[in-house]
Amino acid sequence: MLLLLLGIIFLHLAALVLLFVSTIVSVWTTGESTTSDLWINCTTSGCSPASTGEWIQSVQAVMILSIIFSCLSLFLFFCQLFTLQKGGRFFLTGTFQILASLFVMSGAIIYTVMSPEWVPEGNSFGYSYILAWVAFPLALISGLIYVILRKRE
Amino acid sequence: MLTFLALTSVALLGIVPEQSQAIAIYTGWERHALVGSDIRLSCSFFSWRWTSEDVTFSWTYRPDGSRDSISIFHYTGGAAYVDNKGPFRDRLEFVGNPGRRDGSILLKNLELNDNGTFTCDAKNPPDIVGRPSSVRLLVFEKVPIQAGVITGAIIGVVLGLLVLIVVIYYLMRFLVARRVFSLSVSKHGKKKKEGSQQRQGPVPPADPSKIKV
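Predicted, not measured: the structure shown is a model, and the values here were computed from it.

## Description of the interface of chain A and chain B
And step 1. In this assembly, 13 residues from chain A lie in contact with 12 residues from chain B.
And step 2. A combined buried area of about 1,000 Å² lies between chain A and chain B, and 78% of that area is made up of carbon and sulfur atoms.
And step 3. Seen at the junction of chain A and chain B, the total is 0 salt bridges.
And step 4. Counting across the interface, chain A meets chain B through 4 residue pairs in polar contact (both at pLDDT 80 or more).
And step 5. Breaking the side of chain A that touches chain B down by element, the ones donating at least two residues are α2 (54–83) and α3 (91–118) of chain A.
And step 6. Considering every element that reaches the side of chain A that touches chain B, the biggest residue donor is α2 of chain A, with 10 residues.
And step 7. Residue composition of the side of chain A that touches chain B, grouped by class: 8 nonpolar, 4 polar and 1 charged.

## Let's talk about unusual backbone geometry
All names here are of chain B.
And step 1. Here the residue pair Pro125 and Pro126 is connected by a cis peptide bond, since its omega of 0 degrees sits within 30 degrees of zero.
And step 2. Tracing the chain through its elements places Pro126 in the loop between β10 (116–123) and β11 (130–131).
And step 3. A positive phi angle is found at Arg101, which is not glycine, with a value near 60 degrees.
And step 4. Secondary-structure assignment places Arg101 in the loop between β8 (92–94) and β9 (105–107).
And step 5. For Asn109, which is not glycine, the phi torsion reads 55 degrees and is therefore positive.
And step 6. The topology assignment puts Asn109 in the loop between β9 and β10.
And step 7. The exposure class assigned to Asn109 is partly exposed, which follows from its relative accessible area of 47%.

## Structural notes on the state of the cysteines
Put plainly, a disulfide is one covalent bond tying together the sulfur atoms of two cysteines.
Residue and element names in this part refer to chain B.
And step 1. Across all of its chains, the model carries 1 disulfide over all chains by this definition.
And step 2. A sulfur-sulfur separation of 1.9 Å characterises the disulfide bridge that pairs Cys43 with Cys120. With the S-S bond torsion at -75 degrees, the cross-link from Cys43 to Cys120 turns out left-handed. Taken as a pair, Cys43 in strand β4 (residues 43–46) and Cys120 in strand β10 lie far apart in primary sequence, 77 residues in all.

## Here's the deal with the sheet that holds β8 of chain B
Hydrogen bonding along the main chain pairs the strands of a sheet, whether they run parallel or antiparallel.
Residue and element names in this part refer to chain B.
And step 1. Strand order in the open sheet formed by 3 strands is β3-β9-β8, with antiparallel pairing between adjacent strands. Both outer strands of the open sheet, β3 (39–41) and β8, are each paired with one neighbouring strand and no more. Neighbour-to-neighbour, the strand axes of this sheet turn through a mean angle of 25 degrees, independent of strand direction.
And step 2. Across 3 bridges, β8 lies against β9 in antiparallel orientation. Paired with Leu92 across the strands is Leu107, a residue of β9.

## Some details on the confidence of the model for chain B
And step 1. Looking at chain B, pLDDT values average 82 and 84% of them are 70 or higher.
And step 2. In the predicted complex, the global pTM is 0.58; the interface-specific ipTM is 0.77.

## A closer look at the environment of Ser104 of chain B
All names here are of chain B.
And step 1. Note that Ser104 resides in the loop between β8 and β9.
And step 2. Separated by 62 residues in the primary sequence, Ser104 and Ser42 have C-alpha atoms spaced 4.2 Å apart.
And step 3. Of note is the side chain of Ser104, whose polar atom sits 2.5 Å from the side chain of Asp102.

## Let's talk about the sheet that holds strand β2 (residues 30–34) of chain B
Residues and elements named next belong to chain B.
And step 1. Pairing is mixed across the open sheet formed by 6 strands, whose spatial order is β2-β12-β10-β5-β6-β7. Strands at the two margins of the open sheet, each flanked by one partner only, are β2 and β7 (79–82). Ignoring strand direction, the axes of neighbouring strands in this sheet form an average angle of 20 degrees.
And step 2. Here 4 bridges tie strand β6 (residues 70–76) to β7, and the two strands are oriented antiparallel to one another. Counterpart to His74 in the pairing with β7 is Tyr81.

## Regarding the UniProt feature "transmembrane region" (unreviewed entry) in chain A
Residue and element names in this part refer to chain A.
And step 1. Following the UniProt record, one finds the feature "transmembrane region" (unreviewed entry) at residues 58–78, 90–114 and 126–149.
And step 2. For residues 58–78, the helix share is 100%, the strand share is 0%, and the end-to-end C-alpha distance is 31 Å.
And step 3. Measuring from the first to the last C-alpha atom of residues 90–114 gives 36 Å, for a span that is 96% helix and 0% strand.

## Re a nonpolar patch on the surface
And step 1. The grouping of Val157, Leu161, Leu164, Ile168 and Met172 of chain B at the surface amounts to a nonpolar patch, some 480 Å² of accessible area in total.
And step 2. Along the chain, the position of Leu161 of chain B falls in helix α2 (residues 149–200).

## Some details on the nonpolar core
And step 1. Residues Phe57, Trp59, Ile72, Phe73, Ile105, Leu107 and Phe118 of chain B are the most contacted members of the largest nonpolar core, which totals 26 residues.
And step 2. The residues touching Ile72 of chain B, leaving out its near neighbours within four places in the chain, are Trp59, Thr60, Tyr61, Tyr81, Val82, Asp83, Phe88, Leu92, Ile105 and Phe118 of chain B.
And step 3. Of all hydrophobic cores here, the second largest spans 17 residues; its members include Val59, Ile110, Tyr111 and Met114 of chain A.

## Quick word on the pairing of strand β3 (residues 40–43) of chain A
All names here are of chain A.
And step 1. With 3 bridges connecting them, strand β2 (residues 34–36) and β3 associate as antiparallel partners. Counterpart to Thr34 in the pairing with β3 is Thr43.
And step 2. Remark: 3 residues form the turn of the hairpin made by β2 and β3, two consecutive strands paired antiparallel.
And step 3. Bridge count between β3 and strand β4 (residues 47–49): 3 bridges; the pairing is antiparallel. Across the sheet, the residue bridging to Ile40 is Pro49, located in β4.
And step 4. Taking the residues between adjacent antiparallel strands as the criterion, β3 and β4 are bridged by 3 residues.

Thresholds, definitions, all that
Residues numbered from 1 in each chain as written. Chains lettered and ligands numbered in written order. Predicted model: local features only at pLDDT ≥ 70, side-chain atom pairs only at ≥ 80, totals over all residues. Heavy atoms only, no water. Contact = heavy atoms within 4.5 Å. Buried area = accessible area lost by both parts, 1.4 Å probe. Salt bridge = Lys/Arg side-chain N within 4 Å of Asp/Glu carboxyl O. Polar contact = N/O pair within 3.5 Å; in protein donor to acceptor, adjacent residues only side chain to side chain. Helix = DSSP H or I, 4+ residues; strand = E, 2+ residues; numbered from the N terminus. Nonpolar A, V, L, I, M, F, W, Y, C, P; charged D, E, K, R; others polar. Buried < 20%, exposed > 50% of the residue type's maximum accessible area, 1.4 Å probe, protein only. Disulfide = S-S within 2.5 Å. Pairing = 2+ DSSP bridges. Axes fitted to C-alpha atoms, helices over the stretch in contact; angles between N-to-C directions. pLDDT = per-residue confidence, 0-100. UniProt positions renumbered as here; feature names shortened; annotations may be inferred. Patch = residues over 30% accessible without salt bridge, like charges linked within 9 Å, V, L, I, M, F, W, Y side chains within 5 Å. Areas by Shrake-Rupley, 256 points an atom, 1.4 Å probe, with all protein chains shown as cover. Core = buried A, V, L, I, M, F, W, Y, C linked by side-chain atoms within 4.5 Å.

Here you go:
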């Protein structure tokens, strides 16, 4: 029982950490001498803030929202752990976690679709982009587990 | 006491060596404008000397990407001379007040090619040692969206919806609970009244035969 609990919390925290790293470090595309990212564009000569287009701002907003929702769901999990009756399901926690995963998915999709617009040819996607795509199924699975899980004892 | 202070300050001003009396020129740092609009580039200076009659203002312009600057405005001897051959002919106007140390110019009907650096140099004889000050002009076709506005808007809307849903949920629960409570109170009250009436009915009258004497 305790093992199951620890496993679930570990999964949730892993998804959360991936989300944080993907949003903050922001190496979404890399080239030979440039990295073109969510917040800042860097070349070997210097860094400048990212373009103020509408789509990149929406990607920023969606990633931040997914972090907020995942944190909220962790907090709600601990609340519900102590206040739920026996046999109850962690619906609220699961809902928030699934919403967080949906936000990450939409952010990654928007970035993929729009990247030809603001990224020059020849640049490949960086590790933050891959982390975002990995965080999405992790968060989804974690949310589904919460919805199915029943509280015992 | 006050007169003493005034006299000492005047004496100090006179004693201050010539090198520290430099003229300080102030313009903006950067100006943004839309194509077709007018913009006022302000220039003023600070000098320890009184404003002399031979005060001069001159503005020079260096386009973005070019290394040469051309002179576009000069004020001297009480008369203003505006550009009549260069890129700003018929678009430049002097709106400053040299008596108040203001040497501002007005650029009309801006074009995209007007991006560049404008430098103002003022001289207030005998105070002529100073560093000219530059203001950068950026001309846009349409107003650009500032970074972070849309981000903040999306986050705010979603969080606001979340708070709204939570509030509505608790409100519904509260209302439903109150309605259920009031319903159960009225039912309970009715049952109580009926119950008490029933109990008074079947109470048997005292049997006189059973009363012992």
